[in-house]
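Secondary and tertiary structure notes
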2 protein chains.
Amino acid sequence: MVLYGIDLGGTTAKIGCFTEDGTLLRKWSITTDCTKQGRHILPDLARAIEADRSKNQISLEEILGIGLGLPGAVKDGLLLERCVNLGGWGGFDARKELSERMSLPVFAANDANLALLGEQWMGSAKGCNDVVLVTLGTGVGGAVMIGGHIREGCTGSAGEFGHIRVCEKEARTCGCGGHGCLEQYASAGGLCYLAERALSEHPLCPSALRDETLTPERIFSAAASGDGIAEKILDCYADFLGRGLAAAGCAYDPERFVLGGGLSGAGDALLSRVRASYGVYAFPAIQHTPICMAALGNDAGITGAARLVLTSAAR
Amino acid sequence: MVLYGIDLGGTTAKIGCFTEDGTLLRKWSITTDCTKQGRHILPDLARAIEADRSKNQISLEEILGIGLGLPGAVKDGLLLERCVNLGGWGGFDARKELSERMSLPVFAANDANLALLGEQWMGSAKGCNDVVLVTLGTGVGGAVMIGGHIREGCTGSAGEFGHIRVCEKEARTCGCGGHGCLEQYASAGGLCYLAERALSEHPLCPSALRDETLTPERIFSAAASGDGIAEKILDCYADFLGRGLAAAGCAYDPERFVLGGGLSGAGDALLSRVRASYGVYAFPAIQHTPICMAALGNDAGITGAARLVLTSAAR
């Protein structure tokens, strides 16, 4: 028996075919066609899985189901709002429509929640039942597992750690309308903002970052080669993230924190700083909660989507 | 059948006798004897219940069990640390010892968690399964119910909302060692601190609060009679509390917030301000989460302790 996991993003949809024990047999991506309010999205996904099924001679009976990760608030498998970054797609039961097209059971959940499910199944939260995941990418998102179950929240917003306020005096407005949200510092754009600020605050201090367009990769790589300003930037980034984790910790008191998303690839230079900063801000009883980086990288979403089929079908 | 609920505090232990449908038949208090590391606490409690049982001619068979609320971190019924405000009492299985003394089943949990269980059973969270309780008293504590179950957290610290950092520039040190914790502003002492600060920042502004010792009651009553400084103090208090609730909301996305503890008796003047401030700081999706005051007052703890017997015995 196999499982298909889909991680639907604004640019591409990643698809993976898994065995029941979590082995990834193969994975590939297709372009997400966001034109015409995304009306081609589900037909394209169905066609991609049909093609894989036919090429690998898999009968419908050999497929346990399809898991679908969606980039928006999902409650009980339903997308609550139209997705801005899918051209306004949404507002209907995507799960049901794909299920009818494929004649297979389909289960859907929020993409960050599925990344956590994936990390718990095959990644760095293996064996843990109480986990807080914070995703560091274009935005800062999060997901929460309690007693082995994902908590979606009453409006699908549980684990929205990116909008915990970590700074009081912020003139810029966050995407949510607030000021001083964690996302304004700990996202990719937030990191570049901190870099610009540090460079302008220390105009005479030499730095490799002055000569190039700022990107997270360049900042991490400059810090790795001992660039003083780049190190200061990471310190500041980690300080904000530590405040956010400490607040999430007061709320959930989890077994473990996992950092995911694109920026989590930064490795030990970031992780050691975040651990130190968390130690400064965290309540004594939770000061030693482990913090680790996600292990599955870009495959967390498809892995969790496949896992969703197993956990949902078992209910 | 009846249930006994005990709310063990540093000064008194409140005891209540309930029917299975939550009706409080009678309640009384005994003094908590914290001398000799609290060695008299359990014998005193056992004697008090024995006396009630004998006076009301209740046989052991008619008692479903005893619920015990403890003022410290409890995990799976065990007190994790000795209680400072019980003279260092703790470090053993109080549940088992009381059970042996009484020949009755005894269940124990943290007192704030039981207050929430009580409010959900018979108070202002009736019928809700996903609730965040914040208690405003000597300290600022909290409790969380998810899917009808209390979340204790991995170190018994879930819902420690008093130690979410809500202010960046705070010279005073919090009891936890941190700086700028919600408890430093939203506890009874925090409110008096905000009052002192407001009075000294507006030295020429007349206020009834200048002539008396500051207490929460006096501040609330001055605000109720239109004292301008007292109103400013409540605004400031509500501003901090709104920030804390907004952070708790990002984490849990609950069905409802309940404010408990001694200061929650302040009523509408406080509640309307907290709602307004929460609206400013909360993430859009959770901006309309209801906030209400606890309904059971001082009886929440004994009510929840009695309820604990029902929910634990049913497992």
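First things first, this report covers the structure right here in the doc. As the structure is a prediction and not an experimental result, all values here were calculated from the model.

Section: the interface of chain B and chain A
In this assembly, 34 residues from chain B lie in contact with 34 residues from chain A. Taken over both partners, the interface formed by chain B and chain A buries close to 2,800 Å², and the fraction arising from carbon and sulfur atoms is 55%. The tally of links from chain B across to chain A stands at six salt bridges. Where K169(B) meets E168(A), a salt bridge forms, and the shortest distance between an N and an O atom there is 3.9 Å. Remark: the boundary between chain B and chain A carries 25 residue pairs in polar contact (both at pLDDT 80 or more). The greatest single-element share of the side of chain B that touches chain A, amounting to five residues, is contributed by helix α8 (residues 228-252) of chain B. Its residues assigned to classes, the side of chain B that touches chain A shows 18 nonpolar, six polar and ten charged.

As for the sheet that holds strand β3 (residues 24-31) of chain B
Residue and element names in this part refer to chain B. Sheet architecture is open: five strands sit in the order β3-β2-β1-β4-β7, paired in mixed fashion. Whereas interior strands pair on both sides, the edge strands pair on one side only; in this sheet they are β3 and β7 (106-110). In this sheet, adjacent strand axes meet at a mean angle of 20° when their direction is disregarded. Of the pairings in the sheet, the one linking strand β2 (residues 12-19) to β3 comprises seven bridges and is antiparallel in character. Bridging from a neighbouring strand, G16 pairs with K27 of β3.

A word on helix α1 (residues 41-55) of chain A
Residues and elements named next belong to chain A. Look at α1: 21 Å from first C-alpha to last across 15 residues, which is about the 21 Å you get at 1.5 Å a residue. Buried within α1 are the following residues: I41, L42, P43, L45, A46, A48, I49, D52 and R53. Considering only its buried residues, α1 is in contact with β1 (2-8), β2 (12-19), β3 (24-31), β4 (63-70) and α2 (94-102). Immediately downstream of α1, the backbone of Q57 shows phi near 50°, a positive value.

Considering the pattern of salt bridges
Counted according to the given criterion, the structure contains 24 salt bridges over all chains. For D239(A), the salt bridge is made with R243(A), and the minimal N-O distance between the two is 2.8 Å. Highlighted residues: D239(A) and R243(A), both in helix α7 (residues 228-252), separated by four residues, approximately one helical turn. On the basis of relative accessible area, R243(A) is assigned to the buried category, the value being 13%. Between E168(B) and R243(A) there is a salt bridge, with the nearest N and O atoms lying 3.1 Å from each other. Here R243(A) lies in helix α7 and E168(B) lies in the loop between β10 (149-150) and α5 (183-186), a pairing that spans two chains. One continuous salt-bridge network, built from bridges that share partners, spans E168(A), K169(B), D239(B) and R243(B).

Description of the environment of P284(B)
Note on placement: P284(B) falls in the loop between α9 (268-281) and β12 (291-293). For the pair formed by P284(B) and G156(B), sequence separation is 128 residues and the distance between their alpha carbons is 30 Å.

Concerning the relation of the copies chain B and chain A
For these two chains of identical sequence, chain B goes onto chain A by a turn of 180° and a shift of 0.0 Å along the axis, with RMSD 0.0 Å. Taken together, the rotation angle and the small translation identify this as a two-fold axis.

Observations concerning helix α3 (residues 111-122) of chain A
Every α-helix winds through 3.6 residues per turn, so residues three or four apart in the chain are directed the same way. Residue and element names in this part refer to chain A. The terminal C-alpha atoms of α3 lie 16 Å apart, and with twelve residues this matches the ideal 16 Å at 1.5 Å per residue to within 8%. Counting buried residues in α3 gives ten out of twelve residues, a clear majority hidden from the surface. When we look at burial in α3, the residues that qualify are A112, N113, L114, A115, L116, L117, G118, E119, Q120 and W121. Regarding α3, its N-cap is N110, as a side-chain oxygen of that residue lies 2.9 Å from the backbone nitrogen of A112 further along.

Overview of the packing of aromatic side chains
The way to describe two aromatic rings as a pair is by their centre distance and the angle between their planes. If you walk through the whole model with that rule in mind, you get eleven aromatic pairs over all chains. A ring pair is formed by Y185(B) and F240(B), whose centres lie 4.0 Å apart and whose planes are at 10°; its orientation type is stacked. Here Y185(B) is found in helix α5, whereas its partner F240(B) is found in helix α8, with 55 residues between them in sequence. Of the two residues, Y185(B) and F240(B), both sit in the buried class. An aromatic cluster is present here, built from F161(A), Y252(A), F161(B) and Y252(B) joined pairwise through their rings.

Quick notes on the pairing of strand β9 (residues 140-146) of chain A
Residue and element names in this part refer to chain A. For β9, a buried count of seven out of seven residues is recorded, marking the element as mostly surrounded by other parts of the structure. By the alternation rule, side chains of β9 split into V140, G142, V144 and I146 and G141, A143 and M145, which are all buried. The sheet contact formed by strand β8 (residues 131-136) and β9 spans six bridges and is antiparallel. Its bridge partner being in β9, L136 is matched across the sheet by V140. The turn linking β8 back onto β9 is made up of three residues. Note: β9 against strand β10 (residues 149-150), two bridges, orientation antiparallel. Its bridge partner lying in β10, M145 is registered against I150. Count of turn residues in the β9/β10 antiparallel hairpin: two residues, of which G147 carries a positive phi of about 55°.

Rules behind the numbers
Residues numbered from 1 in each chain as written. Chains lettered and ligands numbered in written order. Predicted model: local features only at pLDDT ≥ 70, side-chain atom pairs only at ≥ 80, totals over all residues. Heavy atoms only, no water. Contact = heavy atoms within 4.5 Å. Buried area = accessible area lost by both parts, 1.4 Å probe. Salt bridge = Lys/Arg side-chain N within 4 Å of Asp/Glu carboxyl O. Polar contact = N/O pair within 3.5 Å; in protein donor to acceptor, adjacent residues only side chain to side chain. Helix = DSSP H or I, 4+ residues; strand = E, 2+ residues; numbered from the N terminus. Nonpolar A, V, L, I, M, F, W, Y, C, P; charged D, E, K, R; others polar. Pairing = 2+ DSSP bridges. Axes fitted to C-alpha atoms, helices over the stretch in contact; angles between N-to-C directions. Expected span 1.5 Å × (residues − 1). Buried < 20%, exposed > 50% of the residue type's maximum accessible area, 1.4 Å probe, protein only. Least-squares fit on C-alpha atoms with pLDDT ≥ 70 in both. Phe/Tyr/Trp six-rings, centres within 6.5 Å; stacked < 30°, edge-to-face > 60°.

Spatial relationships are all this shows, so hold off on functional conclusions.
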